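Fold and contact review
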Number of protein chains: 2
Amino acid sequence: MAAKIKNLERLCIHTITTKPLSFEHACARYAALGVKGISIWRDAVAGLEPGTVTNCLRKYDLSPVSYVRGGFFPALQTEQRARANEDNLCMLQEAADMEIPMLVLVCGAEPGQSLQTSRDQIKEGIEALLPRALSLGIRLAIEPLHPMYADTRSAITSLKQANDLTEYFADEYLGIAVDVYHLWFDEDLETQIRRCGKNRKLFAYHICDWKVPTTDMLNDRGLMGEGCIPLKQIRGWVEEAGFTGFHEVEIFSNKYWAEDQDHFLDRILNAYMEHS
Amino acid sequence: MAAKIKNLERLCIHTITTKPLSFEHACARYAALGVKGISIWRDAVAGLEPGTVTNCLRKYDLSPVSYVRGGFFPALQTEQRARANEDNLCMLQEAADMEIPMLVLVCGAEPGQSLQTSRDQIKEGIEALLPRALSLGIRLAIEPLHPMYADTRSAITSLKQANDLTEYFADEYLGIAVDVYHLWFDEDLETQIRRCGKNRKLFAYHICDWKVPTTDMLNDRGLMGEGCIPLKQIRGWVEEAGFTGFHEVEIFSNKYWAEDQDHFLDRILNAYMEHS
């Protein structure tokens, strides 16, 4: 079990968590509260010049952690897969231009073909990205998703599969984003986190909670402490595996997006300190 | 890949699939269509005398396949767990009285305690049931559920875990219900079905489909062929593993329950023949 969190040094927030806020407003608010890291969703900075983004990050002394989200490799047609590839290369360049050191990969799945075929296409997609990741110095983090997203969002639904993939490539620019929401129930989680750490592939750690009941399959994530995920136990495993990076709060919630975002941010900080 | 289904000899329908129909009406309709098996949900026969149920089954020449659903072993308080145990013993007696040869176990989970504690309580619960299962001659089938139900419905979320449990008990009255909805995405599924068959633990096979998109976490299951589950491939694995039992159609669907049930039953038969 991890020790109590003492300060905000490792707190990072994903821009989508406070979706109603503009990028600049989010940066200002996060910084005012003492948050140190920010993970940037592509939508949040669409239309902004890279220089505007980097200036804003410097102004508020925020460390960019992840650019979210590349991937979505599988598709029925070769041309669609080529487009996905182009788009991922684009995102790598965008990350480099904004000085964001990592791109999160939501690997994708195509319900019109077998999961095995989607998994093969994911492997091909990653292979095609790695040289550019190296040349730009941007790390790629495979994020295994909850199996309830296996139809269209990710054929990679366990940390074991993500570990298998990173061992297959054995590339220093390819690692894993462990998100408690997607993996908390896995009987094998401690073992796979240890394996991930031993391989030095634990690139990112995402937190939120699983509400009981959960009323929407996508946008009903909970604040830390609001649900049934053993957050301190999992953080303990992650720390024992050698992880010293940011704790990234990533909450998709129709409920919280409808509320006052300043109040919500206060609750995030409290939940982070008390329950993460 | 399994061969095309040629007739209805192995088709079974769960009463909940046609929830709006009374038990007797469901029996009459299933039989008129040539369905041979019926799995009986407790609600569907609540208030009926066992003799009424067995007479109805005989009248319509329907084989009772499963009684659904026992389990729900975990609870925070000892007294609650004792009540769950009593209720399961009750269901075994009800199954015996209605001459239903198998009780399906949805094992349960308690979000206020760790999954490991819930799993330990599940083990204790099954242990307490087995002597009565033997004395009444009723088989128990552990049904591993989809991980999206790990908060409150089942801490057993993979076929591997169910196989581990049946190997631990090595009891001829304890086996497994494989439901495609809960397990279709598992990279390890073929291997675990083979293991299950080798252990002679493949007691039941449940079918439906995973709709894309799925709009409700519980009651939006699809008709076979309507979603992305590779049904023929999984049936092939199940048959190679030696399974010769019924194919049980178990669809929870607010959409279909709101429709004309005769029309829905016609669609079930067509979907079964074409896509299962």
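On a predicted model such as this, the values are computed, not experimentally measured, just so you know.

Criteria and cut-off values
- Residues numbered from 1 in each chain as written.
- Chains lettered and ligands numbered in written order.
- Predicted model: local features only at pLDDT ≥ 70, side-chain atom pairs only at ≥ 80, totals over all residues.
- Heavy atoms only, no water.
- Helix = DSSP H or I, 4+ residues; strand = E, 2+ residues; numbered from the N terminus.
- Rg over C-alpha atoms; globule rule 2.2 N^0.38 Å.
- Buried < 20%, exposed > 50% of the residue type's maximum accessible area, 1.4 Å probe, protein only.
- Contact = heavy atoms within 4.5 Å.
- Polar contact = N/O pair within 3.5 Å; in protein donor to acceptor, adjacent residues only side chain to side chain.
- Salt bridge = Lys/Arg side-chain N within 4 Å of Asp/Glu carboxyl O.
- Pairing = 2+ DSSP bridges.
- Axes fitted to C-alpha atoms, helices over the stretch in contact; angles between N-to-C directions.
- Least-squares fit on C-alpha atoms with pLDDT ≥ 70 in both.
- Phe/Tyr/Trp six-rings, centres within 6.5 Å; stacked < 30°, edge-to-face > 60°.
- Lys NZ or Arg CZ within 6 Å of the ring centre and 35° of its normal.
- Core = buried A, V, L, I, M, F, W, Y, C linked by side-chain atoms within 4.5 Å.

Moving on: the overall build of chain A. Counting its secondary structure elements, chain A contains 10 helices and 8 strands. Scaling as 2.2 N^0.38, a compact globule of 276 residues should have a C-alpha radius of gyration of about 19 Å, and chain A matches this with 18 Å. Structurally, chain A occupies a C-alpha span of about 45 × 45 × 35 Å along its principal axes. For chain A, buried positions account for 56% of its 276 residues. For chain A, long-range pairs separated by at least 24 residues make up 80% of all intrachain contacts whose partners lie at least 6 apart in sequence.

Residue and element names in this part refer to chain A. Position of D179 relative to the elements: it lies in strand β6 (residues 174-179). A relative accessible area of 0% places D179 in the buried class. A distance of 3.5 Å separates the side chain of D179 from the side chain of R221, its partner in a polar contact. What D179 contacts, discounting residues up to four positions off in sequence, is E143, H206, R221 and E250.

With that settled, consider the pattern of salt bridges. Following the criterion strictly, the structure yields 28 salt bridges over all chains and no others. Of the charged contacts in the structure, one is a salt bridge between R58 of chain A and E99 of chain A, with a shortest N-O distance of 3.4 Å. In this pair, R58 of chain A is assigned in helix α2 (residues 50-59) and E99 of chain A in the loop between α3 (78-97) and β4 (102-106), connecting sequence segments 41 residues apart. Across the salt bridge formed by K211 of chain A and D220 of chain A, the nearest N and O atoms sit 2.8 Å from each other. Each of the two residues, K211 of chain A as well as D220 of chain A, counts as buried. Beyond isolated ion pairs, a larger network of salt bridges with shared partners links K160, D164, E167 and R195 of chain A together with E187 of chain B.

Another aspect to go through is the sheet that holds strand β3 (residues 63-71) of chain A. All names here are of chain A. Strand order around the closed barrel formed by 8 strands is β1-β2-β3-β4-β5-β6-β7-β8, with parallel pairing between neighbours. Between one strand axis and the next, the sheet turns by 30° as a mean value, whatever way the strands run. The sheet contact formed by strand β7 (residues 202-207) and strand β8 (residues 247-249) spans 3 bridges and is parallel. Bridging from a neighbouring strand, H206 pairs with E248 of β8. Across the sheet, α3 touches β3, β4 and β5 (139-142), and the angle it forms with β3 is around 170°. Relative to the sheet, helix α10 (residues 261-275) contacts β1 (11-14), β7 and β8, its axis offset from that of β1 by approximately 140°.

With that settled, consider the sheet that holds strand β5 (residues 139-142) of chain B. Residue and element names in this part refer to chain B. Overall, parallel pairing links the 8 strands, which are arranged β1-β2-β3-β4-β5-β6-β7-β8 in a closed barrel. The mean inter-strand angle of the sheet, taken between neighbouring strand axes irrespective of direction, is 30°. Strand contacts of helix α4 (residues 78-97): β3 (63-71), β4 (102-106) and β5, with the helix running at about 170° to β3, the strand carrying the most contacts. Helix α6 (residues 159-169) rests against β5 and β6 (174-179) of the sheet, and its axis sits at about 170° to β6.

Here we take up the relation of the copies chain A and chain B. Mapping chain A onto chain B calls for a screw motion: a turn of 180° about the axis and a shift of 0.0 Å along it, with 0.0 Å RMSD after fitting. Accordingly, the operation relating the two chain copies is best matched by a two-fold axis. When you check the interface residues of chain A against chain B, 100% turn up at the interface there too, and the contact is symmetric in its surfaces.

Bringing helix α9 (residues 231-240) of chain B into the picture now. All names here are of chain B. Those residues of α9 that sit buried are L231, I234, R235, G236, W237 and V238. Among the structural elements, α7 (180-183), α8 (189-198), β7 (202-207), β8 (247-249) and α11 (261-275) are those in contact with the buried residues of α9. Backbone geometry just after α9 places G242 at a positive phi near 100°.

This next bit is on the packing of aromatic side chains. Residues and elements named next belong to chain A. Here the structure, examined in full by the defined rule, presents 14 aromatic pairs over all chains. Their ring planes at 85° and their centres at 5.5 Å tell us that W41 and F252 sit as a pair that is edge-to-face. Taken together, the residues W41 in strand β2 (residues 37-41) and F252 in the loop between β8 and α9 (254-257) connect sequence positions 211 residues apart. In this structure, W41 and F252 share a single accessibility class: buried. Taken together, the ring pairs connect Y181, W184, F185 and W210 into an aromatic cluster. Positioned above the aromatic ring of F203, the side-chain terminus of R139 is 3.8 Å from the ring centre. If you follow R221 out to its NZ or CZ, it ends over the ring of Y181, 4.4 Å from the centre.

It is characteristic of soluble globular proteins that their nonpolar side chains tend to be buried jointly. In terms of nonpolar packing, the biggest core is built from 172 residues, with I126 and I234 of chain A together with I126 and I234 of chain B touching the most fellow members. Setting aside its immediate chain neighbours within four residues, I234 of chain B contacts V180, W184, L189, I193, Y205 and I229 of chain B.

Read these as geometric descriptors, not functional statements.
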